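# Results of the structural survey
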Amino acid sequence: MTTATSITARLIEQYRRSPLSRVQPVFFALVGMVILLAIVSPRSAEPSNLINMVRQGGPLALVAIGQTVVMISGGLDLSVGSVVILADVMAAQMISGDESKVIPVVLLVLAIGALVGLANGVLVVLLRVTPFIATLGMNFIVYGAALLYSGGAPRGDIPPNMRFWGNGFIAEVIPAAAVVLLIVALIAWFLISRTVFGRRLTAIGANRRAAYLSGVSVRRVTLLAYVFSGLMASAGGLLLVAFVGVGTLEVGTDFLLGSIAASVIGGTPFEGGKGTVAGTIAGVLFLMVLYSVLTALALPVSGRRIAEGVIILVAVALYARGRSG
Amino acid sequence: MMPTPLLSIENISKSFPGVRALMDVSFAVQAGEVHALVGENGAGKSTLMKILAGVYQPDSGGLHWQGQSIQLRSPADSQRLGISIIYQEFNLLPDLTVAENVLLNREPRTRLGLVDWRALNERTRQLLHDLETDIDPQALVQDLSVAQQQIVEIVKALAIDARLLIMDEPTAALNPTEVGHLFGVIERLKARGSAVIFISHRLDEVFTISDTVTVLKDGQHISTSPAADLTREEVVRRMVGRQLQDIFPPRLQAQGGTPLLEVHGLSNDRLRDINLQLQAGEILGLAGLEGHGQRELARALFGIEPIHRGTVQIDGQRVYLRHPEDAMRQGVAFLSDDRKMEGLALTLGVRENVALPNLNRFSRFMMVQHEDERAVCGQIVETMAVKTPGIEQPVRLLSGGNQQKTVLSKWLISQPRILIFVEPTRGIDVGAKVEIYRLIHQLAHDGAGVLMVSSDLLELLGLSSRVLVLREGAIAAELAGAAATEESVMLAATGVHG
Ligand SMILES: Nc1ncnc2c1ncn2[C@@H]1O[C@H](COP(=O)(O)OP(=O)(O)OP(=O)(O)O)[C@@H](O)[C@H]1O
Ligand SMILES: [Mg+2]
């Protein structure tokens, strides 16, 4: 008994000192989930299928990266789900299959996303509404706008030149969506870990007061974080509509909860002060593989939802425990 | 023959990744004695106390309580034996009242099992009364000053009838009067037969209150001897390993020219008609009793507290200080006395904390230049002798004094022209203090102006070229040169001679 505990203690100690301990747990979870998938459904775990998951996960990954940036600052953006929907229905309806309209509409939709983010930022920073309430309220407003705009029934469709970026392949193997994701991820990584903005963002999340007293313009940085999140949410909506081809009003909750779950599982705590783009993307992939596992188990939709919720909660709770220990 | 000790510490060792905090430490604490524990920053004092509190488990070695071998697996085990501890870092809940904090989880109940609020506040008032403070039991902790929070921590520990009371730097944030009241309480505990372990970097306090002194150095036990057999110099020699001379550098003279900082008629809720001038090369001390406006003045000059009336000029130009950002743009640095809430982002590393106010300097096109950053941060950490396995170590894992050195570092490298330092040496050991005095002195000598607030009057008098004494938010006296003595400052601060 004592030898057993001392051996475990020694193993734990060795693990702590090894470079392995610096790998974020989400990567182990991801590998574990892929192995599980290979067991329950060997076909789904084939490389081509896994690559496909990157393609499907692209839109959520963009939204989650924005969410991560806000969460690092200690905030939360509950409006992302509706921004995805608004971007999605607006793009489909305004482009309506006309290839020449793609670029102007994409730019317009991105600008609207950034504007929603700006509104969130103003509510949080200048009017001092708590992020939870401010962005929840914004979520309703933006969803209402999407309903109004689409008349409750999304119309229009996406022409091939834009659909390519959602579901096409470059050189027949590399999903174009993965390339989009890679580029955005690199920019976000650079922003968070190489720029002055990223350092200030992290400091605000770690200790807002100390950051303020170190000359950080807490308001400006926080505002920019929300703008970035709005921008990323509309980018996610665009990638989604490019993948699906037509607008939808249904996906809001998936993106809202998915973006928060991916961030937290990927190592961004609710209190803020840290977080990485790589971790968040791994969190998104973890969720995608989890969905495949649940699909492979052929559970009814109700059962899948419950299982999803439980697993996400467990993952988040484990993370919270691991940190305080 | 010696009586069985209340507590004996036997061959305790404890390591953290990259740090051997304690090595084979043994000594005993007798009932009814005040046992001082001294040593440099990072010597292992707090780690040992956390082992006694059941927070950490030793890697090897053991404890005996009245001759019986004991294992402390949790703080609850330790409390059950009658060990009560005042931690160096505050653990108060800011949203609760003083009384709720003091009797947390021990709230008196009514017969229906509800919290008896009246009894709660009454009992707390009684405990506060023993320390002769006027803190309101119903005040929220977040509204208290650092000194008041420290007193609440003390009262919280006193609320348990302890056989052994551990005080980890209880006086670091207190002024001499408050320390006096605390010593009164310690004497009463001692008379009751309780033992007290007292940690402080102020050796005069150690000699005033303790019967026995134990010295730790680099995690090792150096000596345990009766205080009566020791001198201050001897204790310092054992702690630092060498003799210390010239605690204070020679006094500086103002360099003349346009004043760096000029304040006219500054008033706000706490300050009345403040006029002052700070010259290059000058160290200006702000003295006074706790709560008479020194902190508020320092904060107003960094844009943290509003200025309702009056003007501030820097280099002869009028400036408007609405945010710390504004003040920093004018070359002002500000060290807060509340390092946990205002000084450090505890979860971030030493480098990230030190770099934070200096990011503009370390960046090009808004990109952080890691080489520059690492070089400068590594350099100051070395100069300040911050004890850490590396500059990436999260600051929450550093000892209290080393955290303070980290906050100092971030401002010392900001190339400030005006330094506003509130309690700069809080929790810093005697050896390191000398080095910090030297650095502050050097900055002033090179043309900066320093405004300093310290509850350690000797330090304030030793460093300042001039001292302004505040009373009730106004300047009561200006004392320079030989006129600035402990007596003259205290007289002006209390207003006794009119
Ligand atoms: N949880 C921890 N993880 C890693 N290192 C730690 C931890 N706690 C303490 N240390 C290290 O152990 C050493 C001893 O720290 P300790 O807090 O006991 O010092 P101290 O004597 O109380 O110093 P001070 O006078 O500054 O309060 C320090 O080098 C510190 O950085
Ligand atoms: Mg300590």
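A quick note: this is a predicted structure, and the numbers were derived from the prediction, not measured. (Residues numbered from 1 in each chain as written. Chains lettered and ligands numbered in written order. Predicted model: local features only at pLDDT ≥ 70, side-chain atom pairs only at ≥ 80, totals over all residues. Heavy atoms only, no water.)

Residues and elements named next belong to chain B. Here 4 strands make up an open sheet; going across it, the order is β12-β11-β14-β15 and the pairing antiparallel. Edge strands, defined here as strands with exactly one partner in the open sheet, are β12 (274–278) and β15 (317–319). Adjacent strand axes in the sheet meet at a mean angle of 25 degrees, parallel and antiparallel pairs treated alike. (Pairing = 2+ DSSP bridges. Helix = DSSP H or I, 4+ residues; strand = E, 2+ residues; numbered from the N terminus. Axes fitted to C-alpha atoms, helices over the stretch in contact; angles between N-to-C directions.)

Let us now look at the site of ligand 1. Residue and element names in this part refer to chain B. The environment of ligand 1 is made up of 22 residues, and the closest members are G42, S46, T47, S399 and G401. Here an oxygen atom of ligand 1 and a backbone polar atom of G44 are 2.9 Å apart. The protein chains hide 93% of the 640 Å² of surface that ligand 1 would expose on its own. Going through the elements one at a time, β2 (19–29), α1 (45–52) and α14 (400–412) are the ones with two or more residues in the shell around ligand 1. When the residues that make up the shell around ligand 1 are grouped by side-chain class, the tally is 7 nonpolar, 11 polar and 4 charged. (Near = heavy atom within 4 Å. Polar contact = N/O pair within 3.5 Å; in protein donor to acceptor, adjacent residues only side chain to side chain. Areas by Shrake-Rupley, 256 points an atom, 1.4 Å probe, with all protein chains shown as cover. Nonpolar A, V, L, I, M, F, W, Y, C, P; charged D, E, K, R; others polar.)

Right, let's talk about the coordination of the magnesium ion (ligand 2) for a bit. All names here are of chain B. Within the protein, S46 (OG) and Q88 (OE1) serve as the donor atoms for the magnesium ion (ligand 2), at 2.0 to 2.1 Å. Highlighted residues: S46 in helix α1 and Q88 in the loop between β6 (83–86) and α3 (98–102), separated in sequence by 42 residues. For the residue pair S46 and Q88, the accessibility class agrees, reading buried in each case. (Donors = N, O, S within 2.8 Å, 3.2 Å for Na, K, Ca; no water. Buried < 20%, exposed > 50% of the residue type's maximum accessible area, 1.4 Å probe, protein only.)

Further remarks concern the domain arrangement of chain B. Residue and element names in this part refer to chain B. Under the domain assignment used here, chain B contains domain 1 (7–243) and domain 2 (261–494). Between the C-alpha centres of domain 1 and domain 2 the distance comes to 29 Å. Taken together, the 30 residues of domain 1 in the interface contact 20 residues of domain 2. Of the roughly 2000 Å² buried between domain 1 and domain 2, counting both surfaces, carbon and sulfur atoms make up 48%. Considering only the side of domain 1, the residues that lose the most area to domain 2 are N41, E89 and V146, jointly responsible for 28% of the buried surface there. Connecting domain 1 to domain 2 are 1 salt bridge. Salt-bridge contacts for E89 lead to R339; the nearest nitrogen and oxygen are separated by 3.3 Å. The tally of links between domain 1 and domain 2 comes to 8 residue pairs in polar contact (both at pLDDT 80 or more). At the level of secondary structure, the elements contributing two or more residues to the side of domain 1 that touches domain 2 comprise α5 (146–158), α6 (176–191) and α8 (232–240). Counting residues per element, the side of domain 1 that touches domain 2 draws most heavily on α8, at 4 residues. Across the side of domain 1 that touches domain 2, the residue classes break down as 14 nonpolar, 9 polar and 7 charged. (Domains from an automatic or database assignment. Contact = heavy atoms within 4.5 Å. Buried area = accessible area lost by both parts, 1.4 Å probe. Salt bridge = Lys/Arg side-chain N within 4 Å of Asp/Glu carboxyl O.)

Before going further, it helps to spend a moment on the side chain of S223 of chain B. Residues and elements named next belong to chain B. Within the secondary structure, S223 sits in strand β10 (residues 220–226). Among the polar contacts made by the side chain of S223, one reaches the side chain of R238 at a distance of 2.8 Å. With residues near it in sequence (within four places) discarded, S223 still touches V213, T214, V215 and R238.

Attention now moves to the interface of chain B and chain A. How large an interface is tends to be reported as the accessible area lost when its parts come together. Taken together, the contact pairs 33 residues of chain B with 23 residues of chain A. Between chain B and chain A the total buried area reaches about 2200 Å² when both faces are included, carbon and sulfur atoms providing 58% of it. Taken as a group, E325, E342 and L356 of chain B account for 22% of the area that chain B buries against chain A, more than any other trio of residues on that side. Our count for the contact surface shared by chain B and chain A stands at 2 salt bridges. Taken together, the connections running from chain B to chain A amount to 11 residue pairs in polar contact (both at pLDDT 80 or more). Of all the elements in the fold, those that place two or more residues in the side of chain B that touches chain A are α10 (324–329), α11 (339–343), α12 (350–355), β18 (367–368), α13 (370–383) and α14 of chain B. A total of 4 residues in the side of chain B that touches chain A trace back to one element, the largest contributor, which is α11 of chain B. For the side of chain B that touches chain A, the class distribution of residues is 17 nonpolar, 7 polar and 9 charged.

Below, the discussion takes up the packing of helix α4 (residues 80–95) of chain A against helix α12 (residues 252–265) of chain A. All names here are of chain A. Interhelical geometry of α4 versus α12 gives an angle of 135 degrees and a closest axis separation of 7 Å. Classified by the interaxial angle, the pair formed by α4 and α12 is oblique. When you trace α4 past α12, the crossing you get is right-handed. Here V80, G81, V84 and I85 of α4 come into contact with α12, specifically with G252, F255, L256 and S259. Of the residues that constitute the contact of α4 with α12, the class distribution is 5 nonpolar, 3 polar and no charged. (Parallel < 35°, antiparallel > 145°, perpendicular 65-115°, else oblique. Left-handed = near helix turned anticlockwise from the far one by under 90°.)

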